[in-house]
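Next come the chains, spelled out residue by residue.
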Amino acid sequence: MARGKQDTRLDAPKGLRTTVIPRRGTVDNNDRFGRFTEWIARAMGTPWFILGLTVFVIFWMAWNTLAPVAWRFDSISLGFIALTLVLSLQASYAAPLILLAQNRQDDRDRVQIEQDRQRAERNLADTEYLAREVVALRLAIKDMATKDFIRAELRALLDDLDKREDDSEQARV
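About the cut-offs
Residues numbered from 1 in each chain as written. Predicted model: local features only at pLDDT ≥ 70, side-chain atom pairs only at ≥ 80, totals over all residues. Heavy atoms only, no water. Helix = DSSP H or I, 4+ residues; strand = E, 2+ residues; numbered from the N terminus. Buried < 20%, exposed > 50% of the residue type's maximum accessible area, 1.4 Å probe, protein only. Contact = heavy atoms within 4.5 Å. Areas by Shrake-Rupley, 256 points an atom, 1.4 Å probe, with all protein chains shown as cover. pLDDT = per-residue confidence, 0-100. Patch = residues over 30% accessible without salt bridge, like charges linked within 9 Å, V, L, I, M, F, W, Y side chains within 5 Å. Salt bridge = Lys/Arg side-chain N within 4 Å of Asp/Glu carboxyl O. Lys, Arg positive; Asp, Glu negative; His and termini not counted. Charge placed at Lys NZ, Arg CZ, Asp CG, Glu CD. Phe/Tyr/Trp six-rings, centres within 6.5 Å; stacked < 30°, edge-to-face > 60°. Expected span 1.5 Å × (residues − 1). Arc of directions from axis to C-beta.

Caption draft 1: Inspection of the overall build of the protein chain at higher detail. The helix and strand inventory of the protein chain stands at 4 helices and 0 strands. Secondary structure elements in the protein chain, listed N-terminal to C-terminal, are α-α-α-α. Taking all 173 residues of the protein chain together, 12% fall into the buried category. By sequence separation, contacts in the protein chain at least 24 residues apart represent 49% of the contacts at least 6 residues apart. For the protein chain, the exposed area adds up to about 14,500 Å²; of that, 63% sits on carbon and sulfur atoms.

Caption draft 2: Summary view of the confidence of the model for the protein chain. Averaged over every residue, the pLDDT of the protein chain is 84; the share at 70 or more is 83%. Across the protein chain, the secondary-structure element scoring lowest on mean pLDDT is helix 1 (residues 29-44), at 83, and the one scoring highest is helix 2 (residues 47-66), at 93.

Caption draft 3: Inspection of unusual backbone geometry at higher detail. Although it is not a glycine, F80 sits at a positive phi angle of roughly 55 degrees. Checked against the element boundaries, F80 lands in the loop between helix 2 and helix 3 (81-142). By relative accessible area, F80 is classed as buried at 8%.

Caption draft 4: Inspection of a negative patch on the surface at higher detail. On the surface, D159, D160, D162, E165, D166, D167 and E169 cluster together to form a negatively charged patch. Relative to the helices and strands, D159 resides in helix 4 (residues 147-172).

Caption draft 5: Representation of the packing of aromatic side chains in the model. Here the structure, examined in full by the defined rule, presents 6 aromatic pairs. Seen from their ring centres, W63 and W71 are 6.0 Å apart, and the 10 degrees between their planes marks the pair as stacked. Owing to a relative accessible area of 30%, W63 belongs among the partly exposed residues under this scheme. The rings of F33, F36 and W39 are connected pair by pair, giving a single aromatic cluster.

Caption draft 6: Here's a closer look at the pattern of salt bridges. Under the counting rule described, the total for this entry stands at 8 salt bridges. Here D107 ties to R110 by a salt bridge, and the two come within 2.9 Å at their closest N and O atoms. Of this pair, D107 and R110 both sit in helix 3, separated by 3 residues, roughly a single helical turn. The exposure class of D107 is partly exposed, given its relative accessible area of 23%.

Caption draft 7: Structural detail: helix 2. Between the first and last C-alpha of helix 2 there are 28 Å, a value that for 20 residues agrees with the 28 Å anticipated at 1.5 Å per step. Buried within helix 2 we find V57, W60 and N64. All buried residues of helix 2 fall inside an arc of 60 degrees around its axis, so they share one side. Exposed residues pointing more than 90 degrees away from the buried face of helix 2 are listed as P47, W48, V55, I58, F59 and L66. Where the residues of helix 2 are buried, they touch helix 3.

See the structure below:
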């Protein structure tokens, strides 16, 4: 497969850290939105997002409460309707983006699980093969002569040679 153009394949997991702004010529347009949704979901799950949203709401409420009447754009008497609309809009876009990011993560997890299963099957096959080889080696070693057996055979041969030597000396005399 040529490395010039990347395919959008689900059988190969993507890296955990991706950038929102892609490098030229390396990313398909279909994948750009998916990576953007993951970036949004990842950013919304941080304490900095909660802190920033809290500061934004406090500033909004303080401005529309303490600023001169001519500068206010959201009425406290109506219950900060514009703030409620902004937060509702943010929530209405955040939920589907988070779901899209979760679906992409589920796809990657499925691919990773399949790869782990295949790796486990290969490891099991390798382990079974090695176990068979160990058994074959044990059987081969069982038939091998031990040090004690070789010593006993050498002693028996030496005794035979000594006996023949003694017999040949007695025959000469």
